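Residue strings, one per chain:
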Amino acid sequence: MSEPDKFEDDLLYALTRTGEGFRPDQTDQAGLVAGGYQRGRRRWRRRSTAAVVGSAAALALVGTGAVYLTGNGSPSGGTATVAAAPSASAAALTPASAGPGTPTPTAAATVSGDEVLSTFKALLPKGGITEAGGRGTDDPQLKGTYVGAQLVFDDGAGKSLLMLGVQKHRPGQSQDRSCPELKPGQLDACSVTTLADGSKLYLSEGYEYPDHRATTKEWMASLTGPDGREINLSEWNSPQEKGAPDSRPNPPLTLDQLKAIVTDKSWDRIVAAVKPDGVDYAALSTGVSLQDRQAILTRLLPAGVSTTKVDGNEVVMNVELAQGGATGSLVVRMQKLTGQTGEAKDGAQGATTLPEGGQLKLYGPGTANPKGAPMAEVVRNGILVQVGEPPTGKPLLSLDQLKAIATSPEWKPRK
């Protein structure tokens, strides 16, 4: 696991300890669920098409609560496997621009599952199609953030399951694919290319199981575009992703054919109708810049503790610390709690009322919430401030020091 991924996992574990109190309203939860889908791809095989077309399942756990969204059923009786997305972590995001001259297609109010499916069918070569179904932006479970289609295709040489999913990410929240070091038996081919419009195209020939417990192959194409689009298309040499014998030696479509489908302009109208997924950090921003938050934290750190690296976004700041020869990490989250009265409800589990107003919750050894890494959380005047250390190694700061930082009046939103 890379260091950024490891840091995200550590951060995630720390933030998920805050599940009982200070829960966001339903409007926030919908965004957090979408964020869980988006960030989850960093840790799992990016099987978003399965989540779109088969049954929808998302798990989003963040510093302000836990949200579960589940559903059942596959379109027209087809079989789809769902990879539940890990929770939304607050990793640093690098802002990205859509680029000059990027066309903006006219968005439809809604796109039906039948329209997604018919667009997909029209791009396929001649062959028989069975067990077909689609999901559109009118799907109540997905709330307009994902559309997709799946079908079983037979060109005369054997049946093959094809799954397609379309989603759209906010600027800076997409995650480009990369090819791993090719090892025998894992991938037979892999490439990532940049197209003329700035889109990134990933193509691979691989297997359903890298350990070859079954011989089923999965070939795929994934396109990420400057407008935030991500179009994923996977095919198998079997009528099912798992649990069915192979029906042919290889999937039916070549990599060039997969490329032609995901890059076709007929998806423009559908992409335009899809709502961006992920957490809208700009809407949660308190107006305090990352630079200003860093300055505040520097003033509040105990003597002898310094920052060696800082990054983040409008809401979360990831900090690397040093004290003598010891090093540590700190996560500071500062955000608006939209749709709430501005204070945590009286009696929130484990919360105490501060003399100057607001409520405080502490996590870690010796508290009512002993599991997880040390963290202090304050809700005051509609602002959430969390200060915590990922649970790796010996904490650099004590819980009292985290409390002193989190309860400081310096964490004020911009007017």
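To be clear, the structure that these remarks concern was listed above.
Note that the coordinates shown come from a computational prediction; the quantities given were computed from them, not determined experimentally.

Rules used in this analysis
Residues numbered from 1 in each chain as written. Predicted model: local features only at pLDDT ≥ 70, side-chain atom pairs only at ≥ 80, totals over all residues. Heavy atoms only, no water. Core = buried A, V, L, I, M, F, W, Y, C linked by side-chain atoms within 4.5 Å. Buried < 20%, exposed > 50% of the residue type's maximum accessible area, 1.4 Å probe, protein only. Helix = DSSP H or I, 4+ residues; strand = E, 2+ residues; numbered from the N terminus. Contact = heavy atoms within 4.5 Å. Disulfide = S-S within 2.5 Å. Salt bridge = Lys/Arg side-chain N within 4 Å of Asp/Glu carboxyl O. Polar contact = N/O pair within 3.5 Å; in protein donor to acceptor, adjacent residues only side chain to side chain.

Observations concerning the nonpolar core
Step number 1: Within the largest apolar cluster, 30 residues are counted, with the highest numbers of intra-cluster contacts made by Phe120, Leu124, Leu151, Leu164, Ile261 and Trp267.
Step number 2: Elements supplying a minimum of two residues to this core: helix H4 (113–122), strand S4 (146–154), strand S5 (159–169), strand S7 (200–207), strand S8 (217–224), strand S9 (229–236), helix H5 (255–262) and helix H6 (268–273).
Step number 3: In contact with Leu124, other than residues within four places in its own chain, are Ile129, Leu151, Phe153, Leu162, Leu253 and Ile261.
Step number 4: Val305, Met317, Leu396 and Leu402 belong to the second largest nonpolar core, which has 25 residues in total.

Looking at unusual backbone geometry
A negative phi holds for most residues other than glycine; trans holds for most peptide bonds.
Step number 1: Positive phi values are uncommon outside glycine, yet Glu131 reaches one of about 50°.
Step number 2: Overall, Glu131 belongs to the partly exposed group, its relative accessible area being 39%.
Step number 3: Phi is positive for Lys143, which is not a glycine, with a value near 55°.
Step number 4: Tracing the sequence through the fold places Lys143 in the loop between strand S3 (128–135) and S4.
Step number 5: Classification of Lys143 by relative accessible area gives partly exposed; the value is 48%.

Considering the state of the cysteines
Step number 1: Going through the model one piece at a time under the given rule, you end up with one disulfide.
Step number 2: Residue Cys179 pairs covalently with Cys190 via a disulfide, S to S 2.0 Å. Taking the torsion about the S-S bond as the criterion, the Cys179 to Cys190 disulfide, at about -90°, is left-handed. Placement of Cys179 in the loop between S5 and strand S6 (187–194) and of Cys190 in strand S6 is noted, with a sequence separation of 11 residues between them.

Here's the deal with the pattern of salt bridges
Step number 1: Summed over all chains, the structure comprises nine salt bridges.
Step number 2: When the shortest N-O distance is used, the salt bridge between Lys242 and Glu208 registers 2.7 Å. Of this pair, Lys242 sits in the loop between S9 and H5 while Glu208 sits in the loop between S7 and S8, and the two are 34 residues apart along the sequence.
Step number 3: Overall, the relative accessible area of 29% leaves Lys242 in the partly exposed class.
Step number 4: Given the relative accessible area of 2%, Glu208 is considered buried.
Step number 5: Between Glu241 and Lys242 there is a salt bridge, with its nearest N and O atoms 3.5 Å apart.
Step number 6: On the accessibility criterion, Glu241 (3% relative accessible area) is buried.
Step number 7: Through salt bridges that share partners, Glu208, Glu241 and Lys242 make up one connected network.

Let's talk about the side chain of Asp139
Step number 1: In this structure, Asp139 sits in the loop between S3 and S4.
Step number 2: Its relative accessible area of 12% is what places Asp139 among the buried residues.
Step number 3: Within the local environment of Asp139, its side chain forms a polar contact with the side chain of Arg135, the two groups lying 3.2 Å apart.

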